[in-house]
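# Commentary on secondary and tertiary structure
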Amino acid sequence: FFFRPAQWAVLRLAMARLLPPTASLVLVVALAAAALGGAHATGARRGDAELGLEAAAAAAATAPAADAPYLVGTGIADMTGPAADVDFMGYAQPSQTGQGIHFRQRARAFVVADPTTNARFAFVSIDAGMSSQPLVREVVAKLQSHFPDGRYNFTNVCISGTHTHGTPGGFHQYVLFQITSLGAVPQTLAAYVNGVTNAIVRADANVKPGRILINSGLVDDANINRSPTAYANNPADERARYANNTDHDMVLLRFEAADGTEIGMLTWYATHGTSMNNTNRLISGDNKGAASMFVEASKNPPGTLPGDGSFVAAFASTNLGDTSPNTNGPHCLDTGLSCDNPTSTCNGKNELCVGSGPGRDMLDSTQIIAQRQVDTAMALYEGATTALAGPVDFRHQWVNMPSFTVANASGTGGGNVTLCKPAMGYAFAAGTTDGPGAFNFKQGTTTSNPFWNAISHFIATPSAADIACQHPKPILLATGDTDTPYEWDPATVSTQLLRIGQLFILAVPGEFTTMSGRRIRESVRAQLIASGAAGEDAVVVIAGLSNTYASYITTFEEYQVQRYEGASNVFGPHTLEAYQQQFGSLAAAMAAGKPVAPGPSPPDLSSKQISLLPGVVADSVPSGKAFGGVQTQPAASVKVGGTVTSTFYSACPRNNLMTEDTFLTVERQGAGGAWTVVAVDGNWETAFHWYRHSGISSESFADISWTVPAGTPAGTYRIGHKGYYKHFLGHTVPFSGYTNSFAVTS
């Protein structure tokens, strides 16, 4: 998550107190536009997950296909948000508002139940930047309305974001995450809530006796560490235990019905959803969403449209905090040379230090990184033989982090430390090599600046205790010290532990770095084994960005370096240790078979939300034209591998999200003249690019393209476009149109 609004968000609120509203808005937009831009070596050592599964393979007998110790179900649903005008969540680039769809967002749900105890939970991986408290709250409310028996609640529903940076924002309730989306965007939240709810309901309806197999292996060349100097500050003997400065392990679950029918795949692998950079304007699930789509296309029957198949494949996030999929690494845009590593700058400017690769452009890179994950996943899936065996269980607890006391805290000589109120450091405003900031903020900054302090203190002035608590982080935004117009950062977070047999899932509310993830996996696993709750075959995985978003979690040593991740570690240097203790408590309760107190519920800020995104007033077309009419016809023929494009007179996609539908169709004509849909706006090969020629114009257009995939039969095709336009009287009206036919040739 490269949310870098600090250098202009503080000015926005400061100027709001000093200038008239219009002048303040103009200044903020100008500053935003200026300010925000947005080594793999496979070793001989094996990662934690692989070693754990090696023990599991030796300890667990392979279950026969007829053995069905669990009830399992999978479900998928469309959760695509508004495809126009809404800022994408992730890079916090104000100019990165949506202009269409590359491929649709999906919610992918997995329900697992123990038939002997009736214990059940739902794990959902969503094509979004992360989960949020409003999202979970409203999904749970809808589920409890749908299921009168109350089978789902906060304790057994886990919603984990893939961390794509190419999907609409506005679904959080805290100010810090709403600035570039101009506050809350109810349409985004509603789309996400409905999609996640539908996925869980479908998975629950599909529940049947079955089994789950587990496997792990290494993914080649799909991540690098974007903060290697911070990683290098971890103890040398600890680093020596690992072959790489990122985790290369993928853990995979294979879901089967009792009769052997394959129903799903769920993987965890650490790489950021930043293959698509901050110039992308089309909704995209990035590399993980693409990987899911590629596997589903291969496992469902030929011709199945995206989202329609019964086989569900999710590529979920884990401890990806300091990883990047841009495997060519960062280089200076002006010289092509390597950046200054400690600060990620080029001649003192961080805007010029940008990571790239491995492809020729961001689309190519997305496909490559997706395919590398797919290649490993398919091999692990086909080779999975170790069955999960044992109870289904879960524990959940809300935790108020600023009041959490860490025992034997690092750097204290064995003393206790209370965590800090949330705050963002200077390097938070510097961004990362996947999306740099501006205004000469630099990563690695451990001193403050009087000018920026004066500006940021218009929002909140950190106390001496805040400064001491967060040291050596220089506080740029004291987000825990203000509630104007409402809270800026969460103080209360969700912690959740899920179990399926020998697999334990830590659902964490943020982005753990590589080493912080290794430490918490190791400490929880050791506790589970010591308590007798698990054997040496225990596998612990992290489900990242789950249920709440509370930014980054680094090790104590990484925090001292104050790279972007350390500066975004909001609760201070001992945050990781707090999570280790908290998940240790959940593990102890699970081992003892005891419940845990729910903890303090987070605030419901729904009544306070501000929404400043203008609505759609009306749509229009030039005189003599019609909505859905074709402005530019496609070429008369196109070869397989080529791209065909057409332009339509269109209307704002926010009028109707076309949920479980499509804004475009590619259709093939059959022998009898009937047309069959062969591709939609959920396919990788299509693109729906919507735009206006002027920001104040009511006229808009849609460029629709289709790159003809290999194996497409020769024949006659056409492109269709549909949607809804808004009448000047306020109601919406459906429209549709088609191009002339064209030939696909080999």
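Residues numbered from 1 in each chain as written. Predicted model: local features only at pLDDT ≥ 70, side-chain atom pairs only at ≥ 80, totals over all residues. Heavy atoms only, no water.

## Observations regarding the overall build of the chain
- Within the chain one finds 15 helices and 37 strands.
- Relative to its length of 746 residues, the chain is compact, with a C-alpha radius of gyration of 25 Å against a globular reference of 27 Å.
- The dimensions of the chain, computed from C-alpha atoms along their principal axes, are 80 × 70 × 55 Å.
- When each of the 746 residues of the chain is scored for burial, the buried share is 60%.
- When the accessible surface of the chain is totalled, it reaches about 25,000 Å², and 54% of it is carbon and sulfur. (Helix = DSSP H or I, 4+ residues; strand = E, 2+ residues; numbered from the N terminus. Rg over C-alpha atoms; globule rule 2.2 N^0.38 Å. Buried < 20%, exposed > 50% of the residue type's maximum accessible area, 1.4 Å probe, protein only. Areas by Shrake-Rupley, 256 points an atom, 1.4 Å probe, with all protein chains shown as cover.)

## Some remarks on the sheet that holds strand β26 (residues 539–543)
- One open sheet holds the four strands; their spatial order is β16-β23-β24-β26, and the pairing between them is mixed. The open sheet is flanked by β16 (392–400) and β26, the only strands paired with a single partner. Going across the sheet, the axis of each strand differs from the next one's by a mean of 15 degrees, ignoring polarity.
- Across the sheet, helix α15 (residues 575–592) lies against β16, β23 (492–500) and β24 (503–507), angled at about 45 degrees from β23, the strand it touches most. (Pairing = 2+ DSSP bridges. Axes fitted to C-alpha atoms, helices over the stretch in contact; angles between N-to-C directions. Contact = heavy atoms within 4.5 Å.)

## Considering the pairing of strand β37 (residues 742–745)
- In β37, alternate side chains face the same way, and those of Phe742 and Val744 are buried while those of Ala743 and Thr745 on the opposite face are not.
- Alignment of strand β29 (residues 637–639) against β37, held across three bridges, turns out to be parallel. Among the inter-strand pairings, Ser637 is bridged to a residue of β37, identified as Ala743.
- Bridging between strand β35 (residues 715–726) and β37 involves three bridges; their strand directions are antiparallel.

## Observations regarding the sheet that holds strand β2 (residues 84–87)
- With antiparallel pairing, the six strands of this open sheet are ordered in space as β2-β3-β33-β34-β30-β28. Two strands in the sheet have a free side with no partner beyond their single neighbour: β2 and β28 (630–632). Adjacent strand axes in the sheet meet at a mean angle of 35 degrees when their direction is disregarded.
- Of the strand pairs in this sheet, strand β33 (residues 686–691) and strand β34 (residues 700–707) are connected by six bridges, and their pairing is antiparallel. Directly across from Ala687, in β34, lies its bridge partner Ser705.

## Focus on the environment of Gly170
- With respect to the helices and strands, the residue Gly170 is situated in the loop between β6 (157–161) and α5 (186–205).
- Judged by relative accessible area, Gly170 falls into the buried class, the value being 4%.
- Taking the C-alpha atoms as reference, Gly170 lies 8.1 Å from Asp87; in sequence the two are 83 residues apart.

## Digging into the nonpolar core
- Residues Ile126, Leu135, Val196, Ile200, Leu506, Ile520 and Tyr579 are the most contacted members of the largest nonpolar core, which totals 87 residues.
- Looking at this core, the element that brings in the most residues is α5, giving nine residues.
- Ile520 has contacts with Leu506, Phe512, Ile542, Leu576, Tyr579, Gln580 and Phe583, leaving out every residue within four places of it along the chain.
- In terms of nonpolar packing, the next biggest core, distinct from the first, is built from 31 residues, Phe123, Ala314, Phe394 and Leu498 among them. (Core = buried A, V, L, I, M, F, W, Y, C linked by side-chain atoms within 4.5 Å.)

## Quick word on the pattern of salt bridges
- Using the criterion set out here, one finds 29 salt bridges in the structure.
- With a closest N to O distance of 2.7 Å, Arg518 and Asp247 form a salt bridge. Within this pair, whereas Arg518 is found in helix α12 (residues 514–530), its partner Asp247 is found in the loop between α7 (236–239) and β9 (249–257), the two being separated by 271 residues in sequence.
- Residue Arg518 is classed as buried on the basis of its relative accessible area of 2%.
- Look at the salt bridges and you will find they share partners, linking Arg211, Arg254, Glu256, Glu262, Lys299 and Glu382 into a network. (Salt bridge = Lys/Arg side-chain N within 4 Å of Asp/Glu carboxyl O.)

## Examining the state of the cysteines
- For the structure shown, the criterion picks out three disulfides.
- The disulfide that involves Cys339 links it to Cys353, with 2.2 Å between the sulfurs. Around the S-S axis, the bridge from Cys339 to Cys353 shows a dihedral of about 110 degrees and counts as right-handed. Highlighted residues: Cys339 in the loop between β13 (329–332) and β14 (353–356) and Cys353 in strand β14, separated in sequence by 14 residues.
- Judged by relative accessible area, which is 1%, Cys353 ranks as buried.
- For the chain, the bonded cysteines connect in the pattern 1-3, 2-4, 5-6 when numbered consecutively along the sequence. (Disulfide = S-S within 2.5 Å.)

## A short note on unusual backbone geometry
- The step from His471 to Pro472 runs through a cis peptide bond, and the omega angle for that step is 5 degrees.
- The linkage connecting Thr484 with the following residue, Pro485, adopts the cis geometry, with an omega of -5 degrees.
- Tracing the backbone through its elements, the reader meets Pro485 in the loop between β22 (475–477) and β23.
- Unlike most non-glycine residues, Asn118 shows phi in positive territory, near 70 degrees.
- Its identity is not glycine, yet Ser344 carries a phi of approximately 50 degrees, on the positive side.
- With respect to the element layout, Ser344 can be found in the loop between β13 and β14.
- Classification of Ser344 by relative accessible area gives buried; the value is 7%.

## Things to note about α15
- Between its terminal C-alpha atoms α15 stretches 26 Å, which fits the 26 Å expected from 18 residues at 1.5 Å a residue.
- All of the buried residues along α15 are Thr575, Leu576, Glu577, Ala578, Tyr579, Gln582, Phe583, Gly584, Leu586, Ala587, Ala589 and Met590.
- Taken from the residues just after α15, Gly593 is the one with a positive phi, measuring 70 degrees. (Expected span 1.5 Å × (residues − 1).)

## With respect to the pairing of β16
- Along β16, eight of the nine residues are buried, which leaves the element largely enclosed by surrounding structure.
- In this sheet, β23 lies alongside β16 in antiparallel orientation, the contact comprising nine bridges. Within β23, the residue paired with Trp398 across the bridge is Ser494.

## Regarding the confidence of the model for the chain
- Looking at the chain as a whole, its pLDDT mean stands at 92, while 91% of the residues score no less than 70.
- Low confidence marks residues 55–66, where pLDDT is under 50. Its contacts with residues over four positions away, or in another chain, come to 17 contacts. (pLDDT = per-residue confidence, 0-100.)

## Let's talk about helix α8 (residues 286–299)
- Its 14 residues give α8 an end-to-end C-alpha distance of 20 Å, which sits within 8% of 20 Å, the value for a rise of 1.5 Å per residue.
- Along α8, 11 of the 14 residues are buried, which leaves the element largely enclosed by surrounding structure.
- Three or more residues of α8 are buried, namely Asp286, Asn287, Lys288, Gly289, Ala290, Ala291, Ser292, Met293, Phe294, Val295 and Glu296.

## Notes on the packing of aromatic side chains
- Counted according to the given criterion, the structure contains 24 aromatic pairs.
- Ring centres 5.9 Å apart and planes at 45 degrees place the aromatic pair Phe103 and Trp684 in the tilted group. Of this pair, Phe103 sits in the loop between β3 (97–101) and β4 (106–113) while Trp684 sits in the loop between β32 (675–680) and β33, and the two are 581 residues apart along the sequence. Across the pair, exposure class does not vary: Phe103 and Trp684 are buried alike.
- One aromatic cluster is present, formed by Tyr426, Phe439, Phe441, Phe451 and Trp452 through successive ring pairs.
- Taking NZ or CZ as reference, Arg254 lies 4.2 Å from the ring centre of Tyr381, over its face. (Phe/Tyr/Trp six-rings, centres within 6.5 Å; stacked < 30°, edge-to-face > 60°. Lys NZ or Arg CZ within 6 Å of the ring centre and 35° of its normal.)

## Here we look at the packing of α8 against helix α9 (residues 362–383)
- Viewed as axis vectors pointing N to C, α8 and α9 meet at an angle of 50 degrees, and their least axial separation amounts to 8 Å. As far as their axial angle goes, α9 and α8 are oblique. For the crossing formed where α8 meets α9, the hand is right-handed. Touching Asp286, Asn287, Lys288, Ala290, Ala291, Phe294, Val295, Ser298 and Lys299 of α8 are Thr366, Gln367, Ile369, Ala370, Gln371, Gln373, Val374, Met378, Tyr381 and Glu382, all from α9. (Parallel < 35°, antiparallel > 145°, perpendicular 65-115°, else oblique. Left-handed = near helix turned anticlockwise from the far one by under 90°.)

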